[in-house]
Amino acid sequence: MLRSETGAVSVDWLVLTAAIVMLGFAVVSQVSGGTQELSGNVRKCVRIQAKLVAKDIPYEKQLKRIARRCSKL
């Protein structure tokens, strides 16, 4: 009975699955901060574009202004 290995495979899978889940949490926690900052910058740039499109400015000038203002974010 002490030499039975029937539960060893289950324990191995449990440990491997727990390690993979913990690695996933670690990756998500590291990446989420950068993604939130990037999405905030995209939101600001879209607002800048919306304001410039509403004005009666030639398209080329709009693109230059958008590029200049969004590059500062």
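Since this is a predicted model, take the numbers as computed values, not measurements.

Q: Describe the state of the cysteines, listing the residues and the values that go with them.
A: A complete count under the given rule lists 1 disulfide for this structure. Here C45 pairs with C70 through a disulfide, and the sulfurs are 1.9 Å apart. Handedness of the C45-C70 disulfide follows from its S-S torsion of about 100 degrees: it is right-handed. Highlighted residues: C45 in helix α1 (residues 8-54) and C70 in helix α2 (residues 59-71), separated in sequence by 25 residues.

Q: Outline a positive patch on the surface, listing residues and values.
A: Side chains of R43, K44, R47, K51, K55, R68, R69 and K72 sit close together on the surface and give a patch of like positive charge. Listed by contribution, the elements that provide at least two residues to the positive patch are α1 and α2. The greatest single-element share of the positive patch, amounting to 4 residues, is contributed by α1. Turning to its location among the elements, K55 is positioned in the loop between α1 and α2. Here K55 falls in the partly exposed class, since its relative accessible area comes to 46%.

Q: Give me the environment of S32: which residues, what numbers.
A: Along the chain, S32 turns up in helix α1. We classify S32 as partly exposed; its relative accessible area is 30%. Remark: the alpha-carbon pair of S32 and D56, spanning 24 residues in sequence, is separated by 38 Å. Polar contacts involving the side chain of S32 include one to the main-chain carbonyl oxygen of S29, which spans 3.4 Å.

Q: So what about the nonpolar core? Which residues, and what values?
A: Ranked by size, the top nonpolar core spans 6 residues in total: C45, I48, L52, I57, I66 and C70. Counting residues per element, the ones that place at least two in this core are α1 and α2. Sort the elements by how many residues they give to this core and α1 lands first, with 3 residues. Excluding residues within four positions of it along the chain, I48 makes contact with R69 and C70.

Q: Just give me the short version of the packing of α1 against α2, but keep the residues and values in it.
A: Axis separation between α1 and α2 bottoms out at 10 Å; the angle between their running directions is 155 degrees. By the criterion of interaxial angle, the relationship of α1 to α2 is roughly antiparallel. When the axes of α1 and α2 are compared, the crossing they make is right-handed. Contacts from C45, I48, Q49, L52 and V53 of α1 reach α2 at Q62, R65, I66, R69 and C70. Taken together, the residues of the contact of α1 with α2 break down into 6 nonpolar, 2 polar and 2 charged.

Thresholds, definitions, all that
Residues numbered from 1 in each chain as written. Predicted model: local features only at pLDDT ≥ 70, side-chain atom pairs only at ≥ 80, totals over all residues. Heavy atoms only, no water. Disulfide = S-S within 2.5 Å. Helix = DSSP H or I, 4+ residues; strand = E, 2+ residues; numbered from the N terminus. Patch = residues over 30% accessible without salt bridge, like charges linked within 9 Å, V, L, I, M, F, W, Y side chains within 5 Å. Areas by Shrake-Rupley, 256 points an atom, 1.4 Å probe, with all protein chains shown as cover. Salt bridge = Lys/Arg side-chain N within 4 Å of Asp/Glu carboxyl O. Lys, Arg positive; Asp, Glu negative; His and termini not counted. Charge placed at Lys NZ, Arg CZ, Asp CG, Glu CD. Buried < 20%, exposed > 50% of the residue type's maximum accessible area, 1.4 Å probe, protein only. Polar contact = N/O pair within 3.5 Å; in protein donor to acceptor, adjacent residues only side chain to side chain. Core = buried A, V, L, I, M, F, W, Y, C linked by side-chain atoms within 4.5 Å. Contact = heavy atoms within 4.5 Å. Axes fitted to C-alpha atoms, helices over the stretch in contact; angles between N-to-C directions. Parallel < 35°, antiparallel > 145°, perpendicular 65-115°, else oblique. Left-handed = near helix turned anticlockwise from the far one by under 90°. Nonpolar A, V, L, I, M, F, W, Y, C, P; charged D, E, K, R; others polar.

Geometric descriptors of this kind do not, in isolation, establish any biological role.
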